[in-house]
Amino acid sequence: MRNAWIVLKTEFINTVTRRSFLLTLILVPLVPALILGAISLFGGDESDGEERGSIFQPTHDLTQAEGYIDLANVIIDIPEWVDEGRLLEYQSAEAAAQAVSNREIIGYYIIEENYLETGAIQYILEDFNPLSAMESTGIINDVLKYNLLDADQKRFDLYSHPVQVEYVDLTPNEEERDNSNPLSFYLPYGVTMLFYVLMITSASLLMNSIAKEKENRVMEILMSAVKPKELLAGKILGLGLVGLLQMVLWMGSAFLMLNLGETILNIPPNLQLRPEILIWGVVFFVLGYLMYGTIMAGVGALVPNLKEASQATFILILPLMVPMLMISVIINKPNAALPVILSLIPFTAPNTMMTRMAVSPVPLWQLLLAVGLMLLAIWILIRAVAGMFRAQLLVTGKKFSLRLYLKALLGQDLGSEDI
Amino acid sequence: MTKIWKIIKYEYTWHVFQKRFIFSLLSLPVAIILLVGVALLIESLTVNNKPIGYVDHSGALDLQTREEQKGDLFNPIIEFLPYTNEEEAQRDMDLDLIQSYYIISEDFPSSTNVQLVCHEVPPWNIQNQFRRAIRQNLETYQTIDPQIRTRLDEGSIITIATQDGSREMREDQWYLNFTPFIAGIFFVIVVMTSGNYLLQAVVVEKENRTMEIMISSVTHGQLMTGKIIGNIAVGITQLLVWLIFGWIGLKVGGQFWPLLQDFSLPPNYILVLLLVLLPSFVMVAAIMAAVGATMTEAREAQQVSGMFSLPIMIPYYISSSIMMNPNSPLAVGLSYFPLTAPITILMRMYFTVIPVWQIALNIAILVVFAVLAIWFAGRAFRLSMLQYGKKLSFGDVLRKHVEK
């Protein structure tokens, strides 16, 4: 095992001291930190300190005066609930345009003559922004409805709220998430992305290091001194430590940022990441890395050079991408059947579990079951891949194919025609 | 000139007439279709279209005869089943025959309070169906003139427009707001792939020493220009093919799904788009070539080039801020910084009217940086030929220039 320790040390030191590695290690948390800083510096200027969180929400001022030109003669009366001076009537488009250039109003509605048949309204705005304009059209819609109902407040109320619903929820969630806040989506999304990137990079680091040594024939020399299994163990553990270091640093800085960001971005407390996510994150990262790292190590052992590996690896890491495709479902309903099943299947478990945990607490038995299933899968995989780590395979320049890989993985004897 | 032309032709045919290129061409449309398909499938699977029960103590309601409504896969028309008492409704809910039930009090029209018993609050569109059904039972509603009633139910169709009418958008076509996103994604993909091709072309030829032979017959300027133009042409080919795909998709999809036909871009938007995208295209390509020239190993070069793709994507991460406040200092600042400019301008242009001088300034900055990047790439390349096999830092490339 002494040799495995040497391999481990070499791999770890070689990777960590590489300049590009250090650069990514620092830049990845630095860039979002800078963005957050920039947002808090620039974005918050226009609003009060308290409303800095509104950088993610519309800031269109809904109290500014607007005009209307009623060509259809629908509006008889402006209801009381509209603030005085919020909606001003103009006789012609010219007068309204004049008022816009005098800064009396920010825009005006032209209610077309055939409004009753077509419902057509033009909303002329000086600052054309369809997105924020949509936020402010509610008021004219309500005023028109009120007038269509003969300006009768009672009928308008009855029309717009025919029922007052009181909800009797038989299975209330303990913790209601505030889904109106975009962060409730972005936060779990970010966690999943981070996890995905970490797992892929450290797994492909492993494959690269094996394939590279095979390509430049260092492997042949190594084989004379180290047993293949020792080499595999050393490499998996060494590069796993690199990945772990990266993950702890990134996750740690994400925590720091969110805690600082609490004041800058106004993240509501029930959306914040819980500390246990860090612990479970480490557990699932280690397991996920062991699984995908082993798979990739197998590819590395079989490919003659790096270029040929890329297509096969894409197919092999496809299961890791499944939770990414379904992320909106997982975030919206973290405890529905599909996310639960995905988080128990070993290949999709690490990612799905992290997303689920970022959204809501996961029952302990599910966590333990997922860990158990993953351990079982890893045990089987390591045994299969260890079989591939034979000097015979490590030194041949045989062309790589997925078929060959699966055959080797299933422990079938690779006949002479295969090698 | 003939030498440049030869290099362009070589680079172009080397990529375009290969199986891998066709694969990458097809992979994006296929991936999009797959993603949308999976999303729609999941969405339709999660829709609950079980009936909703109601217990009407007032006896005044009839929720079963309703006026025609159009439903679709995602907004199915829910059936309302009457029950005489809560126990029966509760029993059916326990048997999972209904998803929830309303309890309407005895003095219904005078008091509008109702209770909704459920395991999970139904989505708003289903609750709206219930409101609508109730509304039809109200006396005030039945006495309204039919034309006004239709207007009330359908609401207004508001067209948002600028004063001179140069920009327009109908409020019910909110999905058009995705246009700049889609355009931006295409831009990033095309720029990154052709940049990567360029990177590979330079580093690989350096690695296997083809470069040494090449440089004996062409000047480094010719080689760089040829490679940059050739690989940009590959990227543009890719973009054109995708645009044709997209156009066919819209036309074909428009037959089944009319709202797809609304997607269109005003001509001046497209013009500015081209003016912005072309120099940024050249700039990124030249940066990639420079990275390729200073690095000795293909793998390392790829990692460094990743650093440059990060700032290009920044506007995406803060897109909501840019869209809501397209004229905030942050958004304006990002549109002056050359790497973040293309995507930021794409978004700002869609969500506001940018003053002409700003666009002109942005384009000018991009052009200046594109020229600088080409100059830098040529310089880095020449130095790298002199110091073969040695990694150059950016400082090296610049310092040597000063000494001369």
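Position labels on residues start from 1 in each chain and follow its written sequence. Lettering for chains starts from A, numbering for ligands starts from 1, and both go in the order in which the items are written. Per-residue local features are limited, in this predicted model, to residues with pLDDT of at least 70; the limit for side-chain atom pairs, both in listing and counting, is 80 or more; totals at the level of whole chains, interfaces and linings are taken over all residues. Side-chain measures were taken over the full set of non-hydrogen atoms in the model, leaving aside hydrogen atoms and water.

1. Regarding the overall build of chain A
Part 1: The numbering of helices and of strands both runs from the N terminus, where a helix is a DSSP run of H or I of at least 4 residues and a strand a run of E of at least 2. Regarding its fold elements, chain A presents 19 helices and five strands.
Part 2: Here chain A holds 419 residues, and the buried ones make up 49% of them.
Part 3: In this analysis, two residues are considered to be in contact whenever any of their non-hydrogen atoms come within 4.5 Å of each other. Residue pairs at least 24 apart in sequence account for 72% of intrachain contacts in chain A once pairs closer than 6 positions are excluded.
Part 4: Per element, the accessible surface of chain A, about 20,200 Å² overall, is 61% carbon and sulfur. Think of it in three bands: residues with accessible area under 20% of the maximum for their type are buried, residues over 50% are exposed, and the middle band is partly exposed, with areas taken using a 1.4 Å probe on protein chains only. A 1.4 Å probe and the Shrake-Rupley method give the accessible areas. Residues count as covered only by the protein chains that appear here.

2. Some thoughts on the interface of chain A and chain B
Part 1: Contacts between chain A and chain B engage 65 residues on the former and 68 residues on the latter.
Part 2: Two parts lose some accessible area (1.4 Å probe) when they are put together, and adding that loss for both gives the buried area. For the pair chain A and chain B, the summed buried area comes to about 6,400 Å², and 63% of that belongs to carbon and sulfur atoms.
Part 3: Among the residues of chain A in contact with chain B, Phe128(A), Leu131(A) and Tyr159(A) are the three that bury the most area, contributing 12% of the side total.
Part 4: Should a side-chain nitrogen of Lys or Arg be within 4 Å of a carboxyl oxygen of Asp or Glu, the pair is scored as a salt bridge. On the surface where chain A and chain B come into contact, there are zero salt bridges.
Part 5: Two N or O atoms form a polar contact when they lie within 3.5 Å of each other; inside protein one atom must be a possible hydrogen donor and the other a possible acceptor, and for residues adjacent in sequence the pair counts only when both atoms belong to side chains. For the pair chain A and chain B, the number of links is 18 residue pairs in polar contact (both at pLDDT 80 or more).
Part 6: Broken down by element, the side of chain A that touches chain B gets its largest block of residues, nine residues, from helix 2 (residues 19–42) of chain A.
Part 7: Strand pairing follows a simple DSSP-based rule, namely that at least 2 bridges must link the two strands. Across six bridges, strand 4 (residues 120–125) of chain A lies against strand 5 (residues 157–162) of chain B in parallel orientation. Bridging from a neighbouring strand, Ala120(A) pairs with Ile157(B) of strand 5 of chain B.

3. Re the sheet that holds strand 4 of chain A
Hydrogen bonding along the main chain pairs the strands of a sheet, whether they run parallel or antiparallel.
Part 1: Strand order in the open sheet made by the six strands is 2(A)-1(A)-3(A)-4(A)-5(B)-6(B), with mixed pairing throughout. At either margin of the open sheet sits one strand with a lone partner, and together these are strand 2 (87–89) of chain A together with strand 6 (168–170) of chain B. When the angles between neighbouring strand axes are averaged without regard to direction, this sheet yields 25°.
Part 2: In this description, a line fitted to the C-alpha atoms serves as the axis of each element, helices being fitted only across the stretch in contact, and the angle between N-to-C directions of two axes falls anywhere from 0 to 180 degrees. Contacts between helix 3 (residues 93–101) of chain A and the sheet are confined to strand 1 (66–70) and strand 3 (107–111) of chain A, with strand 3 of chain A contributing the most and set at about 165° to the helix.

4. A short note on the side chain of Asn147(A)
All names here are of chain A.
Part 1: Following the sequence through the fold, asparagine 147 ends up in helix 6 (residues 138–148).
Part 2: We classify asparagine 147 as buried; its relative accessible area is 4%.
Part 3: Among the polar contacts made by the side chain of asparagine 147, one reaches the main-chain carbonyl oxygen of valine 143 at a distance of 2.8 Å.
Part 4: Residues within four places of asparagine 147 in sequence aside, it is in contact with Val74, Ile75, Ile76 and Asp77.

5. Notes on the confidence of the model for chain B
When pLDDT drops low, the exact placement of atoms in the prediction is not to be read closely.
Part 1: Across chain B, the average pLDDT comes to 79, with 91% of residues at 70 or higher.
Part 2: At the level of chain-chain contacts, confidence expressed as ipTM amounts to 0.71, with global pTM at 0.65. Confidence of the prediction at every residue is given by pLDDT, a number between 0 and 100.

6. With respect to the pairing of strand 4 of chain A
Part 1: Taken together, the five bridges between strand 3 of chain A and strand 4 of chain A define a ladder with antiparallel strand orientation. By the bridge assignment, Tyr109(A) is partnered in strand 4 of chain A with Tyr123(A).

7. Here we look at the nonpolar core
Part 1: Within this scheme, the nonpolar core is defined by two criteria: the residues are buried Ala, Val, Leu, Ile, Met, Phe, Trp, Tyr or Cys, and they are joined through side-chain atoms within 4.5 Å. Judged by nonpolar contacts, the single largest core of 125 residues is most densely connected at Ile111(A), Leu144(A), Phe130(B), Met283(B) and Phe381(B).
Part 2: With 16 residues, the single largest contributor to this core is helix 10 (residues 267–294) of chain B.
Part 3: Contacts of Phe130(B), omitting those with residues within four sequence positions, involve Val163(A), Leu63(B), Phe80(B), Tyr102(B) and Ile104(B).
Part 4: Counting residues in each nonpolar core, the second largest holds 70 residues, with Phe195(A), Leu232(A), Trp250(A) and Leu316(A) among its members.

8. Looking at helix 1 (residues 2–16) of chain A
Residue and element names in this part refer to chain A.
Part 1: Expected helix span is given by 1.5 Å per residue-to-residue step, counting one fewer step than there are residues. Taking 1.5 Å per residue as the helical rise, helix 1 with its 15 residues ought to reach 21 Å, and the 21 Å between its terminal C-alpha atoms agrees with that figure.
Part 2: By the burial criterion, the buried members of helix 1 are Ala4, Val7, Leu8, Glu11, Thr15 and Val16. End-on, the buried residues of helix 1 take up no more than an arc of 140°, which puts them together on one face. In this context, the arc is that of the directions from the helix axis out to the C-beta atoms.

9. Some details on the confidence of the model for chain A
Residues and elements named next belong to chain A.
Part 1: Averaged over chain A, the pLDDT score is 77; the fraction of residues at 70 or greater is 80%.
Part 2: Per-element averaging of pLDDT across chain A places helix 18 (residues 391–395) at the bottom with 62 and helix 17 (residues 364–388) at the top with 88.
Part 3: The low-confidence segment residues 44–59 (pLDDT under 50) makes 25 contacts with residues lying over four places distant or belonging to another chain.

10. Topic: the packing of aromatic side chains
Part 1: Any pair of Phe, Tyr and Trp rings, taking the six-membered ring for Trp, is counted once the centres come within 6.5 Å. Such a pair is stacked with planes under 30 degrees apart, edge-to-face with planes over 60 apart, and tilted for the rest. Per the counting criterion, the structure on display carries ten aromatic pairs over all chains.
Part 2: Note on Trp81(A) and Tyr146(A): the rings are 6.2 Å apart at their centroids and 80° apart in plane angle, and the pair reads as edge-to-face. Of this pair, Trp81(A) sits in the loop between strand 1 and strand 2 while Tyr146(A) sits in helix 6, and the two are 65 residues apart along the sequence.
Part 3: For Tyr146(A), a relative accessible area of 5% corresponds to the buried category.
Part 4: Measuring from ring centre to ring centre gives 6.0 Å for Trp280(A) and Phe284(A), while their planes differ by 35°; the resulting arrangement is tilted. With a gap of four residues between them, Trp280(A) and Phe284(A) both fall in helix 11 (residues 276–302), about one helical turn apart.
Part 5: Phe284(A) sits in the buried class, given a relative accessible area of 0%.
Part 6: Here Arg135(B) stacks its cationic end above the ring of Tyr159(A), 4.2 Å away from the centre of that ring. Two conditions define a charge sitting above a ring: the NZ of Lys or the CZ of Arg must be within 6 Å of the ring centre, and it must be within 35 degrees of the ring normal.

11. Overview of unusual backbone geometry
Part 1: Look at Asp150(A): it is not a glycine, yet its phi comes out positive at around 55°.
Part 2: Along the chain, Asp150(A) turns up in the loop between helix 6 and helix 7 (153–160).
Part 3: The phi angle at Asp96(B) is positive, at roughly 70°, despite the residue not being glycine.
Part 4: With respect to the element layout, Asp96(B) can be found in the loop between helix 3 (86–94) and strand 3 (100–104).

12. Here we look at the environment of Ile382(A)
Part 1: When you line up the elements, Ile382(A) lands in helix 17.
Part 2: A residue is classified by how much of its surface remains accessible, and Ile382(A), at 31% relative accessible area, is partly exposed.

13. A closer look at the environment of Val143(A)
All names here are of chain A.
Part 1: Among the secondary structure elements, valine 143 is positioned in helix 6.
Part 2: Relative accessible area serves as the criterion here: at 0%, valine 143 is assigned to the buried category.
Part 3: Separated by 62 residues in sequence, valine 143 and tryptophan 81 place their C-alpha atoms 9.6 Å apart.
Part 4: When residues no more than four places from it in sequence are discounted, the contact partners of valine 143 are Ile75, Ile78, Pro79, Trp81, Val82 and Leu87.

14. Quick word on the packing of helix 11 of chain A against helix 17 of chain A
All names here are of chain A.
Part 1: The N-to-C vectors of helix 11 and helix 17 enclose an angle of 20°; their axes lie 10 Å apart at closest approach. Between helix 11 and helix 17, the crossing angle belongs to the class labelled roughly parallel. Seen along the crossing, helix 11 lies across helix 17 with a hand that is left-handed.
Part 2: All residues other than Ala, Val, Leu, Ile, Met, Phe, Trp, Tyr, Cys, Pro, Asp, Glu, Lys and Arg, Gly among them, are scored as polar; the first ten of these are nonpolar and the last four charged. Across the contact of helix 11 with helix 17, the residue classes tally to 21 nonpolar, three polar and no charged. In these notes the angle categories are as follows: under 35 degrees is roughly parallel, over 145 is roughly antiparallel, 65 to 115 is roughly perpendicular, and the rest is oblique. Two helices cross in a left-handed way if the nearer one is turned anticlockwise from the farther one by less than a right angle. They cross in a right-handed way if the turn is clockwise.

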